[in-house]
Amino acid sequence: MKVRTVFICQSCGHQETKWMGRCSDCGEWGSLVEENVATKSKKTTKPAPTRSGGVTALGDVDVSKTPRTSTGIIELDRVLGGGLVKGALTLVGGDPGIGKSTLLLQAMGNLASQGLKILYLSAEESLQQIKMRADRLGVQSDGLFLLAETHMEYLDNARRELKPDVMVIDSIQTVGVSTVQSAVGSVSQIRAVTQNLMEAAKGEGITTFVVGHVTKEGAIAGPKVMEHMVDTVLYFEGERTGPYRMLRAHKNRFGSAQEIGVFEMEHDGLRPVSNPSELFLSQRADGPGAVVVTSLEGSRPILLEVQALATPSIYGTPRRTTIGFDQQRVAMLCAVLEARAGLALSGFDIYVNVAGGVRVSEPAADLGVLLALASTVSGRAVPSDTVVVGEVGLSGEVRGVSQLGVRLAEVEALGFKRCVVPSRDLDRLKNPPSSIDLTGALTVSQAMECAGLNFTRS
């Protein structure tokens, strides 16, 4: 076996024989790092053994033998698709200090109290540090075993000796394999460690959680192939200075990839928030520029407050600044307001914010953002008991949304009295809630009239 020097991109894993300022595969600047890799000699290898009898008819597959195990944290179970699946490999990413280790330690404590055997590997903290966090969180169990190591070989030995049901690696960027010549945290090391963990999880049926660091752009550090190899990818989001955290699924082979879990950080750990709509609307301010919208995150409808502010522009090009909403979509909604409703916005700097630090990606919030913009420019407030639902098209039409009945059930539960919805969905709605005054709108002009924002077209 020979060792040769190559330059490997730390973003995508592409290899070059010489250093380059920019990766020719992914286009990242300054990402090529020199590494030593081993190459096998050109000897004839024996063919891999074949298995017989491995083919199974689809109808003969029994899915009843894959039960779920609850972590004891309802919001985590929701994002995972109902609980833990035996042999699943889950990657949890997030900013430093956001609460990844806290969440997993709480979950492992709950699982250990159910009689499961847990192996918690920390390559960043000592056993004393983990014990101090466990005492603060109230985690006390004899079924939770700790290991402070950075070598994969020691983890393999501990796994074979302990035979755990669940395993946690915190974090994968600090664990290395001695047979790989490159530095710990490099693309080659992360790929090798992930392959090792995947074989252990699938071969021995160990449910495994892996903590991953993120880059300054917010992506999980390491090769993209790592996210393809694991079963589930979760992102822990939120402001470290704020109390609220959101766990979002970006990939899930055992459930929906659109679910989110909401937590509140307290002195004794993370507390699940069972009703995030009530939480996000608890500090709602009445006045121009504020509108309540619905966002469907997986199977969960959430009511959010969208805030808009328009100020006269002092520069040649008006600014379009957004937090929690797509900036290009706000620019499109401003153009629709000008072209279809006669509301001049070209001389204003526009600011749009989704209160609570939530990101809204579905188009059902379009109409709410549009009405918030019209409200702040006119100085007229949308009634505080009104919720707005609808997608907006370029011709000014209000398009339908998915699962309107589920959204209206959440609106009714929180005591709102009026809701502006697409007329197309209103005609197809079965069993509408009797306590809500539903108003249908075909165009943005009609929606503005329903919200009390009447304008004379310029």
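Before reading further, recall that the structure is shown in the block above.
Residues numbered from 1 in each chain as written. Predicted model: local features only at pLDDT ≥ 70, side-chain atom pairs only at ≥ 80, totals over all residues. Heavy atoms only, no water.

Within the chain, the regular secondary structure consists of 12 helices and 23 strands. Taking all 458 residues of the chain together, 48% fall into the buried category. Taking contacts inside the chain between residues at least 6 apart in sequence as the whole, the part at least 24 apart equals 67%. Total accessible area on the chain stands at roughly 22400 Å², and carbon and sulfur atoms take up 51% of it. Of note, the chain has its 47 positive side-chain charges centred 6 Å away from the centre of its 49 negative side-chain charges. (Helix = DSSP H or I, 4+ residues; strand = E, 2+ residues; numbered from the N terminus. Buried < 20%, exposed > 50% of the residue type's maximum accessible area, 1.4 Å probe, protein only. Contact = heavy atoms within 4.5 Å. Areas by Shrake-Rupley, 256 points an atom, 1.4 Å probe, with all protein chains shown as cover. Lys, Arg positive; Asp, Glu negative; His and termini not counted. Charge placed at Lys NZ, Arg CZ, Asp CG, Glu CD.)

Its place among the elements puts R133 in helix α3 (residues 127-137). Excluding its chain neighbours within four sequence positions, the residues that come into contact with R133 are S101, T102, L105 and E125.

Here the structure, examined in full by the defined rule, presents one aromatic pair. Ring plane angle 75° and centroid distance 5.9 Å describe the contact between F236 and F263, whose orientation is recorded as edge-to-face. In this pair, F236 sits in strand β11 (residues 232-237) while F263 sits in strand β13 (residues 260-266), placing the two residues 27 residues apart along the sequence. Among the residues examined, F236 registers a relative accessible area of 3% and is labelled buried. (Phe/Tyr/Trp six-rings, centres within 6.5 Å; stacked < 30°, edge-to-face > 60°.)

Pairing in this open sheet of nine strands is mixed, and the strands run β8-β7-β9-β10-β6-β11-β12-β13-β14 from one edge to the other. Here the strands that pair on one side only, and so sit at the sheet edges, are β8 (144-147) and β14 (269-272). The average angle at which neighbouring strand axes cross in this sheet is 25°, direction not considered. Here strand β7 (residues 118-122) runs beside strand β9 (residues 166-170); their pairing, made up of five bridges, is parallel. By the bridge assignment, I118 is partnered in β9 with V166. Helix-sheet contacts for helix α5 (residues 187-204) involve β6 (89-94), β9 and β10 (207-212), and the interaxial angle to β6 is about 135°. (Pairing = 2+ DSSP bridges. Axes fitted to C-alpha atoms, helices over the stretch in contact; angles between N-to-C directions.)

Here the structure, examined in full by the defined rule, presents 18 salt bridges. A salt bridge links K131 to D135; its shortest N-O distance comes to 3.2 Å. Residue K131 and its partner D135 are both found in helix α3; the two are separated by four residues, about one turn of the helix. As a salt-bridge pair, E237 and R248 come within 3.4 Å of each other at their nearest N and O atoms. Of the two residues, E237 sits in strand β11 while R248 sits in strand β12 (residues 244-252), which places them 11 residues apart along the sequence. An identical accessibility class is assigned to E237 and R248; each is buried. (Salt bridge = Lys/Arg side-chain N within 4 Å of Asp/Glu carboxyl O.)

Moving on to α3. Every buried residue of α3 is listed here: I130, R133, A134 and L137. On an axial view of α3, the arc spanned by its buried residues comes to 100°, and they lie on one face. For α3, the exposed residues lying more than 90 degrees away from the buried face are Q128 and M132. Check the buried side of α3 and you find it contacts α2 (100-113), β7, β8 and β14. Within two residues after α3, G138 carries a phi angle of roughly 75°, on the positive side. (Arc of directions from axis to C-beta.)

What follows deals with the nonpolar core. Within the largest apolar cluster, 48 residues are counted, with the highest numbers of intra-cluster contacts made by L337 and L371. Secondary structure elements with two or more residues in this core: β13, α7 (276-280), β15 (290-297), β16 (300-312), α8 (327-341), β18 (348-354), α9 (366-378) and α12 (444-450). Once residues lying within four places of it in the same chain are set aside, the contact partners of L371 are V291, V382, V388, A447, M448, A451 and L453. Judged by nonpolar contacts, the second largest core, of 31 residues, contains V79, V92, M108 and L144. (Core = buried A, V, L, I, M, F, W, Y, C linked by side-chain atoms within 4.5 Å.)

Two numbers describe how α8 lies on α9: the axes approach to 10 Å, and their chain directions differ by 60°. Considered as vectors, α8 and α9 are oriented oblique to each other. Note on packing geometry: the crossing formed by α8 with α9 is right-handed. Along its contact with α8, which presents R329, V330, L333, C334, V336 and L337, the element α9 presents D366, V369, L370, L373 and A374. Residue composition of the contact of α8 with α9, grouped by class: nine nonpolar, no polar and two charged. (Parallel < 35°, antiparallel > 145°, perpendicular 65-115°, else oblique. Left-handed = near helix turned anticlockwise from the far one by under 90°. Nonpolar A, V, L, I, M, F, W, Y, C, P; charged D, E, K, R; others polar.)

A cis geometry characterises the amide bond from D170 onward to S171, with omega recorded as 0°. Examined against the element boundaries, S171 turns out to sit in the loop between β9 and α5. You will see that K163, though not glycine, has its phi angle at about 55°, which is positive. Mapped onto the elements of the fold, K163 is located in the loop between α4 (152-162) and β9. Here K163 falls in the exposed class, since its relative accessible area comes to 61%.

This part takes up the pairing of β6. Most of β6 sits out of view: six of its six residues are buried. The alternating pattern of β6 places L89, L91 and G93 and T90, V92 and G94 on opposite faces, both of which are buried. Here β6 pairs with β10 via five bridges, running parallel. Paired with L89 across the strands is T208, a residue of β10.

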